[in-house]
Amino acid sequence: MADEKKTLEDLKDITSEAQIKAAAAAPVAENTEGAEAEAAPVEPKIDAQGRSYATGKRKDAVARVWIKPGKGVVTINGRDQQTYFARPTLRMIVNQPFDVTSRVGQFDVVCSVKGGGLSGQAGAVRHGISKALTYYEPGLRPALKAQGFMTRDARVVERKKYGKAKARKSFQFSKR
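Residue numbers here run from 1 along each chain, matching the order of that chain's written sequence. With pLDDT at 70 or above as the cut-off, local features in this predicted model cover only qualifying residues; side-chain atom pairs require 80 or more to be listed or tallied, and sums for whole chains, interfaces and linings still use all residues. Processing note: side-chain calculations cover all non-hydrogen atoms of the structure and skip hydrogens and water entirely.

### Quick word on unusual backbone geometry
This is how it is decided: Numbering of helices and strands runs from the N terminus, with a helix taken as a DSSP run of H or I at least four residues long and a strand as a DSSP run of E at least two residues long. When a residue's accessible area, from a 1.4 Å probe over protein chains only, is under 20% of the maximum for its type it is buried; when over 50% it is exposed; and in between it is partly exposed.
At Lys 59, a residue that is not glycine, the phi angle is positive and equals roughly 50 degrees. Summarising the element assignment, Lys 59 is placed in the loop between strand S1 (52-58) and strand S2 (61-69). Despite not being glycine, Ser 102 has its phi angle at roughly 55 degrees, a positive value. For Ser 102, a relative accessible area of 55% translates into the label exposed.

### Some points on the nonpolar core
Selection rule: The term nonpolar core refers to a set of buried residues drawn from Ala, Val, Leu, Ile, Met, Phe, Trp, Tyr and Cys, joined through side-chain atoms within 4.5 Å. Any two residues whose heavy atoms approach within 4.5 Å at even a single point are treated as in contact.
In this structure, Ile 67, Ile 129 and Leu 133 are the most contacted members of the largest nonpolar core, which totals 27 residues. Looking at this core, the element that brings in the most residues is helix H4 (residues 118-136), giving 7 residues. Filtering out sequence-adjacent residues up to four positions away, Ile 129 remains in contact with Val 65, Val 94, Pro 97, Phe 98 and Val 109.

### Examining the sheet that holds strand S3 (residues 74-76)
For the record, the criterion: Here, strands pair whenever DSSP counts at least two bridges between them. Under this scheme, a helix contributes an axis fitted over its contacting stretch, all axes are lines through C-alpha atoms, and angles between N-to-C directions fall in the 0 to 180 degree range.
Read across the sheet, 5 strands follow the order S1-S2-S5-S3-S4 without closing on themselves; strand pairing throughout is mixed. Two strands lie at the open edges of the sheet, namely S1 and strand S4 (79-80), each paired on one side alone. Sheet contacts for H4: S1, S2 and strand S5 (107-114); angle to S1, the most-contacted strand, approximately 145 degrees.

Below, the structure is given as structure tokens:
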């Protein structure tokens, strides 16, 4: 602080020195940001066994999904897809990510799912397969996101309130 500036000309010198220092430092920062932005392709997340893992959720159901290249076998809780999801609509929901990305029969799926009912479990498995596919092949993300498979459907059953018959239904009103 022994070098205090008292006149306006001295202040001009200070501002010009600061501008020179800022200009010298600015191109370095721009180059590093540009390099990071250009070198940002998403890398696949594949484990040592050649699988990709993802968690899918729907209502109260949670599905842990592993996919790897194979013949298209889908195993859910140790059972075949045909026996676990007996209804064709549920099997169709599970296979939607493969249909959209044209990968039918190219990946084996092993998943464990618990909680909720069959419909919620099918939605959770679809969500998990979609996420696992994007981890295995990041280029598939736009197609799956456009169909809405990457979004976790957060709708859950509303809780029952006290003084009510159900979540919103009241007991029958009696005037007398």
